[in-house]
Amino acid sequence: MAGREVRVEQLLGRVVRTAAGRTVGRIEDLRAEPEGDEYVVREVILGGLGLGAMLFGIAAQLPTLQSLGLARRYRTRAIPWQWLDLSDPERPRFRGLEQ
């Protein structure tokens with residue numbers, strides 16, 4: 001996959017699964033760094049799945065819930081770009097440390 005271009009809008013919101021079909025998370029964002037005249041993606045930010053995860057993310061930003069200590073932080077995690085198999089950008093797969 002080195003050097004392959006994939007459109008960001010194709011990836012955002014896609015569910016990442018393992019080869020066995022287990023869900024890892026939903027692609028929420030990408031972290032890129034400048035390299036020459038281009039940007040190179042270094043990490044993929046994965047968030048939770050479903051409506052509950054989205055609602056907790058919204059609730060955590062409400063000042064009233066924050067002041068009462070009721071807002072839970074929306075959990076995300078960053079994984080290295082190389083850990084994704086994007087041979088089919090519509091169905092990204094998590095391949096982890098295997099190369």
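A brief structural summary. (Residues numbered from 1 in each chain as written. Predicted model: local features only at pLDDT ≥ 70, side-chain atom pairs only at ≥ 80, totals over all residues. Heavy atoms only, no water.)

1. Quick notes on the overall build of the chain
Item 1. The helix and strand inventory of the chain stands at three helices and six strands.
Item 2. Secondary structure elements of the chain, listed N to C terminal, follow the sequence α-β-β-β-α-α-β-β-β.
Item 3. Buried positions account for 23% of the 99 residues belonging to the chain.
Item 4. Residue pairs in contact within the chain that sit at least 24 positions apart in sequence constitute 45% of those at least 6 positions apart. (Helix = DSSP H or I, 4+ residues; strand = E, 2+ residues; numbered from the N terminus. Buried < 20%, exposed > 50% of the residue type's maximum accessible area, 1.4 Å probe, protein only. Contact = heavy atoms within 4.5 Å.)

2. Points about the nonpolar core
Item 1. Counting residues in each nonpolar core, the largest one holds 11 residues, listed as Val-6, Leu-11, Val-16, Val-24, Ile-27, Leu-30, Val-44, Leu-46, Ile-79, Leu-84 and Leu-86.
Item 2. The set of elements that each furnish at least two residues to this core consists of strand E2 (23-35) and strand E3 (38-47).
Item 3. Here this core gets three residues from one element, more than from any other, and that element is E2.
Item 4. Aside from chain neighbours lying at most four places away, what touches Leu-46 is Val-16, Val-24, Gly-25, Arg-26, Ile-27, Arg-75, Thr-76, Arg-77 and Ile-79. (Core = buried A, V, L, I, M, F, W, Y, C linked by side-chain atoms within 4.5 Å.)

3. Structural notes on the pairing of E3
Item 1. Here nine bridges tie E2 to E3, and the two strands are oriented antiparallel to one another. Within E3, the residue paired with Ile-27 across the bridge is Leu-46.
Item 2. Where E2 folds back onto E3 in an antiparallel hairpin, the turn is made up of two residues, including Gly-36, whose phi is positive at roughly 70°.
Item 3. Looking at chain direction, E3 and strand E4 (residues 76-80) are connected through five bridges and run antiparallel. (Pairing = 2+ DSSP bridges.)

4. Some words on the side chain of Thr-18
Item 1. Among the secondary structure elements, Thr-18 is positioned in the loop between strand E1 (15-17) and E2.
Item 2. With residues near it in sequence (within four places) discarded, Thr-18 still touches Val-24 and Phe-94.

5. Some words on the pattern of salt bridges
Item 1. For the coordinates displayed, the defined rule picks out seven salt bridges.
Item 2. The shortest N-O distance in the salt bridge between Asp-88 and Arg-91 comes to 3.0 Å.
Item 3. Overall, the relative accessible area of 28% leaves Asp-88 in the partly exposed class.
Item 4. Three or more residues joined by partner-sharing salt bridges are found here, namely Glu-33, Glu-35 and Arg-42. (Salt bridge = Lys/Arg side-chain N within 4 Å of Asp/Glu carboxyl O.)

6. Things to note about the packing of aromatic side chains
Item 1. Under the criterion given, the structure shown has one aromatic pair.
Item 2. Judged by centre distance (5.9 Å) and plane angle (80°), the ring pair of Trp-83 and Phe-94 falls under edge-to-face. Remark: Phe-94 occurs in strand E6 (residues 93-94) and Trp-83 occurs in the loop between E4 and strand E5 (84-85); sequence separation between them is 11 residues.
Item 3. Looking at Trp-83, the relative accessible area reads 24%, which means it is partly exposed.
Item 4. With a relative accessible area of 23%, Phe-94 lands in the partly exposed category. (Phe/Tyr/Trp six-rings, centres within 6.5 Å; stacked < 30°, edge-to-face > 60°.)

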